[in-house]
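# Examination of the molecular architecture
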Amino acid sequence: MVAFSLTTLSFGGRAVAGPSEHGSVLVKFGEGVRFASADGNTGLALKARVQVRGTFSKNDAKDEPTADATIRRLRLTLEGFALRKRLTYKLQLAAASQD
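Keep in mind the model is a prediction, meaning the values are calculated, not measured.

## Section: a nonpolar patch on the surface
A contiguous nonpolar patch, built from Val50, Val52 and Ile71 and spanning about 280 Å² of accessible area, is present on the exposed surface. Within the secondary structure, Ile71 is located in strand E5 (residues 66–81).

## A look at the environment of Val25
When you line up the elements, Val25 lands in strand E2 (residues 23–28). On the basis of relative accessibility, which here comes to 7%, the residue Val25 falls in the buried class. Considered as a pair, Val25 and Ser37 are 12 residues apart in the sequence and their alpha carbons are 9.1 Å apart.

## Regarding the confidence of the model for the protein
When the pLDDT values of the protein are averaged, the result is 76; 76% of them are 70 or greater. Considering each helix and strand of the protein separately, the mean pLDDT is smallest for strand E1 (residues 14–17), with a value of 48, and largest for strand E6 (residues 88–94), with 92. Every residue in residues 1–16 is under pLDDT 50, and counting partners more than four places away or in other chains gives 35 contacts.

## Section: the pairing of E5
Regular strands have side chains that alternate between both faces of the sheet. Pairing of strand E4 (residues 43–57) with E5 involves 15 bridges; the strand directions are antiparallel. Each residue of the ladder has a partner; that of Ser57, found in E5, is Thr66. Connecting E5 to the next strand, E6, in antiparallel fashion are 6 residues, including Leu83 with a positive phi near 70 degrees.

## Some points on the pairing of E4
Alignment of strand E3 (residues 32–37) against E4, held across 4 bridges, turns out to be antiparallel. Opposite Ala36, over in E4, you have Gly43 as the bridge partner. Here E3 folds back onto E4 in antiparallel fashion, the turn holding 5 residues, of which Gly40 has a positive phi close to 80 degrees.

## Thoughts on the side chain of Ser37
Note on placement: Ser37 falls in strand E3. Here Ser37 falls in the buried class, since its relative accessible area comes to 11%. One polar contact links the side chain of Ser37 to the main-chain amide nitrogen of Asn41, over a distance of 3.3 Å.

## Examining unusual backbone geometry
Backbone geometry places Leu83, a non-glycine residue, at a positive phi of 70 degrees. Along the chain, the position of Leu83 falls in the loop between E5 and E6. The class of Leu83 is exposed, set by a relative accessible area of 66%.

## Details of the side chain of Thr77
By the secondary structure assignment, Thr77 is in strand E5. Classification of Thr77 by relative accessible area gives buried; the value is 10%. Looking at Thr77, its side chain comes within polar contact range of the side chain of Gln92, at 3.5 Å. When neighbours within four sequence positions are excluded, Thr77 is seen to be in contact with Ala45, Leu46, Lys47, Lys90, Leu91 and Gln92.

Calculation rules
- Residues numbered from 1 in each chain as written.
- Predicted model: local features only at pLDDT ≥ 70, side-chain atom pairs only at ≥ 80, totals over all residues.
- Heavy atoms only, no water.
- Patch = residues over 30% accessible without salt bridge, like charges linked within 9 Å, V, L, I, M, F, W, Y side chains within 5 Å.
- Areas by Shrake-Rupley, 256 points an atom, 1.4 Å probe, with all protein chains shown as cover.
- Salt bridge = Lys/Arg side-chain N within 4 Å of Asp/Glu carboxyl O.
- Helix = DSSP H or I, 4+ residues; strand = E, 2+ residues; numbered from the N terminus.
- Buried < 20%, exposed > 50% of the residue type's maximum accessible area, 1.4 Å probe, protein only.
- pLDDT = per-residue confidence, 0-100.
- Contact = heavy atoms within 4.5 Å.
- Pairing = 2+ DSSP bridges.
- Polar contact = N/O pair within 3.5 Å; in protein donor to acceptor, adjacent residues only side chain to side chain.

The structure is reproduced here in structure tokens:
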């Protein structure tokens, strides 16, 4: 079992939870949320990608405009290594109806 403790978290480009006896957490824009064990033998990265399509239209015959937003693509990715750095995995889930 791998446990993590989150000691500090801020949002501003890079946020690091200080290393503890259980591991560390790194949050960085574009790289997702990364967890690492204290011994360096286990790591996990959680990432997400989303593509949203928004439309806005106004018909001259009607006074009320219409707006719509749909999620075209939503990908959740888990990747990392277990037991040693050479044993890697990557799981990508597509969670949108149009994907």
